[in-house]
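# Chains, contacts and geometry: an overview
Residues per chain are reported as follows:
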Amino acid sequence: MPTSGPDAMQPALRRRRRRQGFLLPFACLSAALIAAALLPGAAFADGVTPSEARRLRDEVKDMFYHAFDGYMQHAFPLDELRPLSCQGEDSLGGYALTLIDSLDTLALLGDKERFDAAVEWVGKNVRFDINKTVSVFETNIRILGGLLSAHLIASDYATGMRIQSYDDQLLHLAADLAQRLLPAFDTPTGIPFGSITSTAGGGTLTLEFGVLSRLTNDSVYERVTKNSVRGIWARRSKLDLVGAHINVFTGEWTQKDAGIGTSIDSFYEYLLKEAYKAAMHYLHHDPWYVEVNMNSGATVWPLFNSLQAFWPGLQVLAGDVDPAIRTHAAFFSVWKKYGFTPEGFNLATSTVQNGQRSYPLRPELIESTYWLFKATRDYRYLDVGRDILASLQYGAKCPCGYCHISDVETHQQDDHMESFFLAETVKYLWLLFDLAAGPDNIVENGPYKYIFSTEGHLLPATPQITLLDEHCLYAGAFCNGTAGHGYGTGDSSNKHQNANSVPFDDSRTPSDQSLSNILSTTRGYIKGVCPGLTHAQKLGISYSAEEDNSIQQNSGSSENLDESHVIKSSVQAQSSSVILISHPVASQTEEPTSGRSQYNANIVATAESVGTDTAGASSHPEDLVKETESVSEQKEINDKEIASQGSQPTEGRYLT
């Protein structure tokens, strides 16, 4: 490996129903702490002001660089830092894992100098033609996702982080890596091989592999990961619950405990619409969640584990905010009790679960805090963020970075810092305070809506990534007018142009042409001509379904919206992110006849409300892939409806 070590990049350089027997023991668990967390100002003498939010944001930035610089000086190019002894270790595959996982955080912080140097080094030095046994799941979310995120940022002028000398090196690396992972999917069930295959491990792959398919115009990556999700969902119980681990050769469940946490968690980010009702019916003991037998629904573990903490954020993005608020308060009460959340907390005994006493710097509670603040603008969540930051600073900070906490009761430190600390934990904490201070970052102010992957990687929803007929959702975009096959890559000459260089101009939209006519006669991208958008969509605002209906019925044209309504609705918008939702019960043996039909088996949906049908896969209903009777009803909007209503298909409601 050419020139490695910190000098190579210095100085230009960082997861049944209620049963009476279990209800009473934990119904009043930590009641005072939960009440304090639910009452704004009750747990804190002073709320976080905007000026303090700026100070806290800067403190988080310093936290990032303390850990990132520690990695670069003492561990690079090994995978991860041992922050207590100031050494490095290869923990995943030996390809500078922490650097790759941190690339988009550098971009988010606006550190162009270090981002440029890091991208250049990775492009020149990282290779995957090595003899290593790796986790498909971890390699996908950390490495593949990190490469794709950095590629999309580095190759686009609109992000402000375009690298002049960049020539798709990270995309080539991502494609090479994915090719080397493909053999793992050659199993009877389609679920990728692993020493132990978890539901999350087999069901949390479609986003990264799907984006790669759309960037390379090769459908194989998305196809194998969709088959994996189908392979899991087809084996769900009659209660619509899935277990924790599955035999990839026989399809038999080897662990039948169903929950929202360990081994299943991120699976819900992909099939929330299909699985949410059952989860709330069988797993939810307001405000807590338990693990049950997937076949009977009987409670088997009255346990809170730290990976459950992503759930309130997912509920916010699904539009189910009230239970999210209560559950977040309950989870935060555990943090308040110990200073951190243990891997396992027994709800029946109100004690830390034996063998699950550690806190490995997980981001999930911080992630949910960010989404709750973004949705509600309730400053109690800034107080939560301040408390979490204080815990990390005084309990986890160590000489060269931030240490795992091996015991949340004694706060004993462990000499390890996983890459997701810089990819997620710090990122969500920084986004929380930056949002309060007056956001100045590509997620809140950039030209695109962004996907947050399971690893927290930022994937811009550009026309090249979104569905063929999901047209521009932001002013001055390249409208995807490709009516042919493939993934709508359009004219290669448009590859690196600034998506905002031409403002939206209604006068340029042909008044006598319907959207379908334009799409059928135009190939490639239509710059600045995005017919069929509402006033709100032109401003990048997503209304709820109820607001959309009210606007259309009362005004007949969204162009006449009062500006105050637009401003009010922008605050109510729940998310700037999208994910891929696979239809789970389509034939596992089907072979798409074209890239277009392949994509119609997927939905790209923004995350706002789980109560609204997901739509928008195509403005040509006859092209939709036929679904079996088990598939959730999908609202279809044809060209005539789009043209007459003057609006885009209603966006679905999910996020990762």
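Note that the structure is predicted; figures quoted are calculated from it, not measured.

Scoring rules and cut-offs
Residues numbered from 1 in each chain as written. Predicted model: local features only at pLDDT ≥ 70, side-chain atom pairs only at ≥ 80, totals over all residues. Heavy atoms only, no water. Helix = DSSP H or I, 4+ residues; strand = E, 2+ residues; numbered from the N terminus. Expected span 1.5 Å × (residues − 1). Buried < 20%, exposed > 50% of the residue type's maximum accessible area, 1.4 Å probe, protein only. UniProt positions renumbered as here; feature names shortened; annotations may be inferred. Contact = heavy atoms within 4.5 Å. Polar contact = N/O pair within 3.5 Å; in protein donor to acceptor, adjacent residues only side chain to side chain. pLDDT = per-residue confidence, 0-100. Core = buried A, V, L, I, M, F, W, Y, C linked by side-chain atoms within 4.5 Å. Pairing = 2+ DSSP bridges. Disulfide = S-S within 2.5 Å. Axes fitted to C-alpha atoms, helices over the stretch in contact; angles between N-to-C directions. Parallel < 35°, antiparallel > 145°, perpendicular 65-115°, else oblique. Left-handed = near helix turned anticlockwise from the far one by under 90°. Nonpolar A, V, L, I, M, F, W, Y, C, P; charged D, E, K, R; others polar. Phe/Tyr/Trp six-rings, centres within 6.5 Å; stacked < 30°, edge-to-face > 60°. Lys NZ or Arg CZ within 6 Å of the ring centre and 35° of its normal. Bend = angle between axes of the 7 residues up to and from the residue. Salt bridge = Lys/Arg side-chain N within 4 Å of Asp/Glu carboxyl O.

Turning our attention to helix α13 (residues 321–338). End to end, α13 covers 26 Å across 18 residues, agreeing with the expected 26 Å (1.5 Å per residue, within 8%). Among the 18 residues that make up α13, 14 are buried, leaving the element largely enclosed by the rest of the structure.

Here the UniProt-annotated "active site" (unreviewed entry) positions come out as Glu138, Asp265, Glu343 and Glu364. Mapped onto the fold, glutamate 138 is located in helix α6 (residues 136–154). Residues in contact with glutamate 138, not counting those within four places in the same chain, are Leu92 and Ile143. Take glutamate 343: it is sitting in the loop between α13 and β11 (344–346). Excluding its chain neighbours within four sequence positions, the residues that come into contact with glutamate 343 are Phe304, Asn305, Ser306, Gln356, Ser358, Pro360 and Arg362. One polar contact links glutamate 343 to serine 306, side chain to side chain, over a distance of 2.5 Å.

Moving on: the confidence of the model for the protein chain. Here the protein chain shows a mean pLDDT of 74. Residues at 70 or above account for 64%. Of the regions scoring below 50 in pLDDT, residues 1–30 engages in 81 contacts with residues more than four places distant in sequence or in other chains. Taken together, the stretch residues 535–656 has pLDDT below 50 and engages in 308 contacts with residues farther than four places along the chain or on a different chain.

It is worth spelling out the nonpolar core at this point. Counting residues in each nonpolar core, the largest one holds 159 residues, and the members touching the most others are Leu99, Phe115 and Trp311. If near-sequence neighbours (up to four positions away) are discounted, tryptophan 311 is found in contact with Ile260, Tyr268, Leu272, Tyr276, Ala279, Met280, Tyr289 and Ser368.

Time to look at the sheet that holds strand β5 (residues 257–258). Taken in spatial order, the three strands of this open sheet run β5-β8-β9, and their pairing is antiparallel. This sheet does not close on itself; its edge strands, each paired only once, are β5 and β9 (299–301). Pairing of β5 with strand β8 (residues 291–293) involves two bridges; the strand directions are antiparallel. What sits directly across from aspartate 257, in β8, is asparagine 293.

Time to look at the state of the cysteines. Applying the stated criterion across every chain, the model contains two disulfides. Residue pairing for cysteine 86: its cysteine sulfur links by disulfide to cysteine 400, the two sulfurs lying 1.7 Å apart. On the S-S bond that ties cysteine 86 to cysteine 400, the torsion sits near 85 degrees, and the link is right-handed. You can see cysteine 86 sitting in the loop between β1 (80–82) and β2 (87–89) and its partner cysteine 400 sitting in the loop between β13 (397–398) and β14 (401–402), a full 314 residues away along the chain. Cysteine 86 sits in the partly exposed class, given a relative accessible area of 21%. Across the disulfide, cysteine 398 is cross-linked to cysteine 403 (sulfur-sulfur distance 2.3 Å). Every disulfide takes its handedness from the sign of the S-S torsion; for cysteine 398 and cysteine 403 that torsion is 110 degrees, giving right-handed. One exposure class covers both cysteine 398 and cysteine 403, and it is buried.

It is at 10 Å that the axes of helix α15 (residues 380–396) and helix α16 (residues 420–437) come closest, and there the two elements cross at 140 degrees. Taken as axis vectors, α15 and α16 run oblique relative to one another. Seen from above, α15 lies across α16 with left-handed handedness. Residue-level inspection shows Tyr381, Leu382, Gly385, Arg386, Leu389 and Leu392 of α15 in contact with α16, the latter providing Thr425, Leu429, Leu432, Phe433 and Ala436. Residue classes in the contact of α15 with α16 are distributed as eight nonpolar, two polar and one charged.

Here we come to the packing of aromatic side chains. Aromatic ring pairs are defined here through the distance separating the ring centres and the angle between the ring planes. Applying the stated criterion across every chain, the model contains 29 aromatic pairs. Among the aromatic residues, ring-to-ring pairing joins Trp233, Phe267, Tyr268, Tyr276, Tyr289, Phe310 and Trp311 into one connected group. Stacked on the ring of tyrosine 157, the Lys or Arg arginine 162 has its end atom at 5.2 Å from the ring centre. Positioned above the aromatic ring of phenylalanine 373, the side-chain terminus of arginine 377 is 6.0 Å from the ring centre.

Here we come to the packing of helix α3 (residues 50–74) against helix α4 (residues 97–108). It is the contact of α3 with α4, at a shortest axis distance of 11 Å, that shows an interaxial angle of 145 degrees. With respect to the hand of their crossing, α3 and α4 are arranged in left-handed fashion. Facing α3, whose interface residues are Phe64, Tyr65, Phe68, Tyr71 and Met72, α4 presents Leu97, Thr98, Leu99, Ser102, Thr105 and Leu106. Grouping the constituent residues of the contact of α3 with α4 by class yields eight nonpolar, three polar and no charged.

Strand order in the open sheet formed by three strands is β10-β11-β12, with antiparallel pairing between adjacent strands. Each edge of the sheet is formed by a strand with only one pairing partner; in this case those strands are β10 (303–305) and β12 (351–352).

The next point concerns α16. An ideal rise of 1.5 Å per residue puts 26 Å on 18 residues; α16 measures up with 25 Å between its terminal C-alpha atoms. At lysine 427, α16 is deflected by roughly 30 degrees, the largest bend along its length. Taking burial as the measure, the 18 residues of α16 include 18 buried ones, the bulk of the element. Note on α16: the residue one or two positions beyond its end, glycine 438, has a positive phi of about 110 degrees.

According to the stated counting rule, one finds 26 salt bridges in the structure shown. Arginine 55 is the salt-bridge partner of glutamate 59, the closest N and O atoms lying 3.3 Å from each other. Of this pair, glutamate 59 and arginine 55 are both found in helix α3, four residues apart, which corresponds to roughly one turn of the helix. The exposure class assigned to arginine 55 is partly exposed, which follows from its relative accessible area of 46%. Between aspartate 69 and arginine 114 there is a salt bridge, with the nearest N and O atoms lying 2.7 Å from each other. Remark: arginine 114 occurs in helix α5 (residues 112–125) and aspartate 69 occurs in helix α3; sequence separation between them is 45 residues. Exposure class is identical for aspartate 69 and arginine 114. Each is buried. Overlapping salt bridges, with partners in common, bring together Glu52, Arg55, Glu59, Asp383 and Arg386 in one network.

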